[in-house]
Amino acid sequence: MTDQTRTKVIITGASGYLGQHLLQFLLSEEDERNRKSTGLDIVALYGTLPSFADDCRGAYPSKCQSSDVPRNELLKVVSLDLLDEGAVSKFFAEERPDVVVHLAAMSSLGVCEEDPEKAMKVNCPTYLSDSLSSNVKLIFLSTDQVYDGDMSGSGNIPNQRLYLESDLAKPVNVYGRTKLEFENYILKNRSESLTICLRSSLILGPCTNLRCRKQSFLQFVLDRLENSNPCNFFTDEWRSMVYVKDVCKFIDCLVDKCGSNSDSLASGVFNMGGPRRVSRFDLASAVGKACFPDRSDEEITTVVKAVAKSSLPVGKVKSPPDISMCSSKLQDTTQIEATDFKVFVGDCNET
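Model, not experiment: these values are computed from the prediction. (Residues numbered from 1 in each chain as written. Predicted model: local features only at pLDDT ≥ 70, side-chain atom pairs only at ≥ 80, totals over all residues. Heavy atoms only, no water.)

Next up on the list: the packing of helix H1 (residues 17–28) against helix H10 (residues 244–256). Following both chains from N to C, one finds H1 and H10 inclined at 60°, their axes separated by 9 Å at the closest point. By the criterion of interaxial angle, the relationship of H1 to H10 is oblique. Helix-helix and strand crossings are classified by hand; for H1 and H10 the assignment is right-handed. Residues Tyr-17, Leu-18, His-21, Leu-22, Phe-25 and Leu-26 of H1 lie in contact with H10, whose contacting residues are Val-244, Val-247, Cys-248, Lys-249, Ile-251 and Asp-252. Class assignment of the residues belonging to the contact of H1 with H10 gives a composition of nine nonpolar, one polar and two charged. (Axes fitted to C-alpha atoms, helices over the stretch in contact; angles between N-to-C directions. Helix = DSSP H or I, 4+ residues; strand = E, 2+ residues; numbered from the N terminus. Parallel < 35°, antiparallel > 145°, perpendicular 65-115°, else oblique. Left-handed = near helix turned anticlockwise from the far one by under 90°. Contact = heavy atoms within 4.5 Å. Nonpolar A, V, L, I, M, F, W, Y, C, P; charged D, E, K, R; others polar.)

Structure below.
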């Protein structure tokens with residue numbers, strides 16, 4: 001463990017979309033954090049993205065050091081195969097973190113359906129949880145896909161209300177089941193006061209500052225609009241899409257609440273979404289209006305095509321129709337208000 005003036009945080013999946021944004025945010029907040037009671041020692045874990053370590057050294061030259069230096073550095077970047085149980089157990093035993101932010105996942109619904117055994121291994125790493133000391137705080141990025149999206153049982157119509165954390169979790173696909181399995185495992189086998197599960201909606205925002213294998217859905221929409229490439233967007237699937245910069249603020253606040261000097265601890269299951277029920281068609285239309293103000297509504301709709309998913313043949317992967325969530329519990333806990341999607345869509349082409 002670190003001394004009482006610093007908190008050691010390990011971030012898994014640091015090279016992914018959210019991981020890179022979180023790393024950038026935590027490092028940018030370091031000066032402010034040092035003016036408070038605690039600072040951060042960050043260990044950024046990544047898997048196979050070969051450019052990540054060099055990109056970090058280039059982006060954060062004064063903060064990023066090699067993995068063979070003493071353990072009081074601000075940022076250490078380490079490649080670790082999270083499927084290697086022995087290596088994972090050894091690593092966490094040696095690093096002795098105060099907080100683990102577990103973002104790494106197999107997140108493609110289709111890939112999870114094709115290989116459910118690997119999806120369970122990746123998304124429910126019980127050995128990672130078991131390797132942590134009893135006093136380590138674990139913040140786990142779960143998913144809104146733990147809900148079945150059909151409260152009434154009537155199919156593709158909006159639910160009468162938003163999902164609460166107390167509602168039954170009944171996932172309809174492999175991805176959701178694997179995430180819920182890990183939620184259940186850590187809540188059962190770890191101290192609940194040291195465990196946070198963030199049921200996240202679709203995370204959106206600007207491009208990462210470093211190279212990344214996959215950006216957010218906003219960049220997908222922007223690419224279609226920039227190239228006038230028509231694309232179908234569903235009108236009858238709804239989620240509480242959330243701004244990546246809000247997610248970083250939420251996690252940062254929860255890390256703060258994990259510190260030894262904190263008098264306000266947070267734990268348990270939290271929905272993490274934006275303030276509105278949004279379809280992909282709603283979002284794509286908003287991006288068109290915000291980023292291409294000179295285009296008429298008719299020009300935008302030639303690219304952004306409204307399609308009801310219920311009108312199409314049933315696909316290989318089941319997707320819940322309406323998993324919009326109420327996230328007031330998280331906002332009340334952190335005192336951070338989520339940003340409306342119509343406010344943040346304009347930054348989808350920024351970095």
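Counting 47 residues, the largest nonpolar core has Ile-11, Leu-23, Phe-52 and Val-101 as the members making the most contacts within it. It is H10 that provides the largest number of residues to this core, a total of eight residues. Residues Cys-231, Phe-233, Phe-292 and Phe-341 belong to the second largest nonpolar core, which totals 24 residues. (Core = buried A, V, L, I, M, F, W, Y, C linked by side-chain atoms within 4.5 Å. Buried < 20%, exposed > 50% of the residue type's maximum accessible area, 1.4 Å probe, protein only.)

This part is about helix H4 (residues 85–95). Helical geometry note: an α-helix holds 3.6 residues per turn, so side chains three or four residues apart project in the same direction. The complete set of buried residues in H4 reads Val-88, Phe-91, Phe-92 and Glu-95. Buried residues of H4, seen end-on, are gathered within an arc of 90° and therefore sit on one face of the element. In this fold, the buried residues of H4 make contact with strand E1 (6–12), strand E2 (39–46), strand E4 (75–79), strand E5 (99–102) and helix H7 (126–130). (Arc of directions from axis to C-beta.)

Turning our eyes to something else, we now look at the pattern of salt bridges. Close approach of charged atoms allows side chains of opposite charge to pair. Taken as a whole and judged by the stated rule, the model has 15 salt bridges. Here Arg-224 ties to Asp-223 by a salt bridge, and the two come within 3.0 Å at their closest N and O atoms. The exposure class assigned to Asp-223 is partly exposed, which follows from its relative accessible area of 35%. Here Asp-340 and Arg-276 are joined by a salt bridge, their closest N and O atoms 2.6 Å apart. Of this pair, Asp-340 sits in the loop between helix H13 (328–334) and helix H14 (341–344) while Arg-276 sits in the loop between strand E12 (268–272) and strand E13 (278–279), placing them 64 residues apart in sequence. (Salt bridge = Lys/Arg side-chain N within 4 Å of Asp/Glu carboxyl O.)

The geometry of helix H9 (residues 217–226) relative to helix H11 (residues 280–291) is characterised by a closest axis approach of 10 Å and an angle of 60° between their N-to-C directions. On the basis of the axis angle, H9 is oblique to H11. The hand of the H9/H11 crossing is right-handed. Contacts between H9 and H11 involve Phe-217, Leu-218, Val-221, Leu-222 and Leu-225 from the first element and Arg-280, Leu-283, Ala-284, Val-287, Gly-288 and Cys-291 from the second. When its residues are assigned to classes, the contact of H9 with H11 shows nine nonpolar, one polar and one charged.

Structurally, the position occupied by Phe-281 is in helix H11. On a C-alpha basis, the gap between Phe-281 and Asn-232 in space is 8.2 Å, while along the polypeptide they are 49 residues apart. Once you skip the residues sitting within four places of it in the chain, Phe-281 turns out to touch Phe-233, Phe-234, Thr-235, Val-304, Lys-305 and Ala-306.

With that settled, consider unusual backbone geometry. With phi around 50°, Ser-228 is a residue other than glycine that occupies positive phi space. Its location among the elements puts Ser-228 in the loop between H9 and strand E9 (231–234). On the basis of relative accessible area, Ser-228 is assigned to the partly exposed category, the value being 45%. You will see that Gln-335, though not glycine, has its phi angle at about 60°, which is positive. Within the element layout of this structure, Gln-335 appears in the loop between H13 and H14.

Right, let's get into the side chain of Ser-240. Examined against the element boundaries, Ser-240 turns out to sit in the loop between strand E10 (238–239) and strand E11 (242–243). With relative accessibility at 1%, the residue Ser-240 sits in the buried group. Apart from residues no more than four positions distant in its own chain, Ser-240 is found in contact with Ser-201, Gly-273, Gly-274, Arg-276, Ser-324 and Met-325.

This part covers the pairing of strand E6 (residues 137–143). The buried fraction of E6 amounts to seven of the seven residues, a majority that puts the element mostly inside the structure. On E6, burial covers both faces: Lys-137, Ile-139, Leu-141 and Thr-143 on one face and Leu-138, Phe-140 and Ser-142 on the other are all buried. Sheet topology note: the E5/E6 ladder contains four bridges and is parallel. Paired with Val-100 across the two strands is Leu-138, which belongs to E6. Here six bridges tie E6 to strand E7 (residues 195–200), and the two strands are oriented parallel to one another. Note on E7: the bridge partner recorded for Phe-140 is Cys-197. (Pairing = 2+ DSSP bridges.)

Our focus in this paragraph is the confidence of the model for the chain. Scored by pLDDT, the chain has a mean of 90; 89% of the residues are at 70 or more. Segment residues 259–263: pLDDT under 50, and six contacts once partners within four positions in sequence are set aside and those in other chains are kept. (pLDDT = per-residue confidence, 0-100.)

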